[in-house]
Every structure is written in C-alpha cells, then in structure tokens.
Amino acid sequence: MSDLRVVNEKNEADNQYIIFNINKESYAIDVSQVNNIIQMPKITKVPKSPEYFSGVISLRGEIIPIMSLHRRMNYGEDSITKDSRIIILNIEDERLMGVIVDEVKEVLTIPENEIEQPSPFINADESFIRGIGKKGEELISILKIGSLTKKDIA
C-alpha cells in the first residue's frame, strides 16, 4: 500500500475514513486528517516521554513523534507484524504525528447522518471516540484525533 488515493465524488454530508484495526477492533480516522501511511520503520525511543509514545522517526527529513494506540487505549503492548503500519496525521499548527495500527483495511465513505453517538454513558469530553459508523453488521469507532494528544485523558 505505497500509494493511497481517494478518488470519489462525495456528498457534502459524507466523509471518507481510513478504516484500520487495533486489537481486532475496527477504528476510523477522517481521511482529511491523514498525511501518509507508511510501513513500520525503526522507531527511536525518547527518554522520559509518556508511556504511550513509542518514540520518533525521521520521514523525509522531518522528525515525527509516534504514538502507540495499543498503549494509549489501554490494550497493552503493540504486536508488530508485516501488516502493521504507521498512519501519519495532520494535527494542529501544521504538525505531524504518527500512530501505530495493526492493519489498514480500506477507505470507506460513511454518511454523516449514519454516524451515531457511542453511548449516553460515556463522557464525550473524556472519550477518544467521536461516533460509531457501520459497515454491514460491523461497528467502526471513529476517533477524535485531538483527544488522543490530550494528557488528561486515559
């Protein structure tokens, strides 16, 4: 998956998402927040960083911090396989951050009116999940990228 291209005409109310797996669960990130998807490079550890940060990589001369979604979501340690990828995300102030995922599956269009709230019992301000989409019977948790970088969550 060296080149990922999204070529579809889309309705204003529809968003395209990168669908990926973490711990055998399906998650999604809005494709507009994705800068690149790369195979697993060597990650350089950074002392005294939060436990959910794996370290940094150099991508085209730019140093990019890498987060373990396994650790951030309390799933334990990453299990790196040939399918593991790093999704490079555009975060605030034109900075980049990478997240380690178990497998990138597809690009999927999910109409906004088909995205439901995760649960009335979950505090939206403390959750990583913006909503739940569906593909057939499969539920897909749509992540809020900004919440992953907040220190007071999880």
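Preceding this paragraph is the structure being described.
Please read these numbers as outputs of a predicted model, since none were measured by experiment.

Conventions we followed
- All residue numbers refer to positions counted from 1 along the written sequence of the respective chain.
- Selection of residues for local features in this predicted model requires a pLDDT of at least 70, selection of side-chain atom pairs for listing and counting requires 80 or more, and totals for whole chains, interfaces and linings are taken over all residues.
- Each side-chain value is worked out from all heavy atoms of the structure, with water and hydrogens disregarded.
- Nonpolar core, defined: a set of buried Ala, Val, Leu, Ile, Met, Phe, Trp, Tyr and Cys residues in which side-chain atoms within 4.5 Å join the residues together.
- Any residue under 20% of the maximum accessible area for its type is buried, any over 50% is exposed, and the rest in between are partly exposed; the area is computed with a 1.4 Å probe on protein chains only.
- Labels follow the DSSP assignment, with helices taken as runs of H or I lasting at least four residues and strands as runs of E lasting at least two, numbered in each case from the N terminus.
- In what follows, residue pairs with any heavy atoms lying within 4.5 Å of each other are defined as contacts.
- Here a pair means two rings of Phe, Tyr or Trp (six-membered ring of Trp) with centres within 6.5 Å. Their orientation is stacked below 30 degrees between planes, edge-to-face above 60, and tilted elsewhere.
- A pair of strands is considered paired only if DSSP assigns at least 2 bridges between the two.
- Axis lines are fitted through C-alpha atoms, for helices just across the contact stretch, and the angle between N-to-C directions can take any value from 0 to 180 degrees.
- Definition used for salt bridges: Asp or Glu carboxyl oxygen within 4 Å of a side-chain nitrogen of Lys or Arg.

Our focus in this paragraph is the nonpolar core. Phe20, Leu69, Ile87, Leu89, Val99, Val101 and Leu143 are the most contacted members of the largest nonpolar core, which totals 24 residues. Elements that contribute at least two residues to this core include exactly strand 1 (14-22), strand 2 (25-30), strand 3 (34-39), strand 6 (85-91), strand 7 (95-101), strand 9 (129-135) and helix 2 (145-148). In this structure Val101 touches Phe20, Asn21, Ile22, Leu69, Ser84, Arg85 and Ile87, once residues within four positions along its chain are discounted. Counting residues in hydrophobic clusters, the runner-up holds 10 residues, among them Ile43, Leu59, Ile64 and Ile86.

On to the packing of aromatic side chains, then. Inspection of the entire model under this criterion finds two aromatic pairs. A centroid spacing of 6.2 Å and a plane angle of 25° characterise the contact between Phe20 and Tyr27, whose relative ring orientation is stacked. Taking the centre distance of 5.2 Å and the plane angle of 40° together, the rings of Tyr52 and Phe53 count as tilted. Judged by its relative accessible area of 10%, Tyr52 is buried.

This paragraph deals with the sheet that holds strand 2. Strands sit in the order 8-1-2-10-9 across an open sheet of five strands; the sheet is mixed. At either margin of the open sheet sits one strand with a lone partner, and together these are strand 8 (103-111) and strand 9. Put simply, the sheet's adjacent strands are angled 35° from each other on average, direction ignored. For strand 1 and strand 8, the ladder comprises eight bridges, and the chain directions are antiparallel. Its bridge partner lying in strand 8, Asn21 is registered against Glu103.

Attention shifts here to the pattern of salt bridges. Enumeration over the complete set of coordinates arrives at seven salt bridges. Put simply, Glu77 and Arg71 hold a salt bridge, and the shortest N to O gap is 3.7 Å. With relative accessibility at 17%, the residue Arg71 sits in the buried group. Taken together, the shared-partner salt bridges in this structure form one network comprising Arg71, Glu77 and Asp78.

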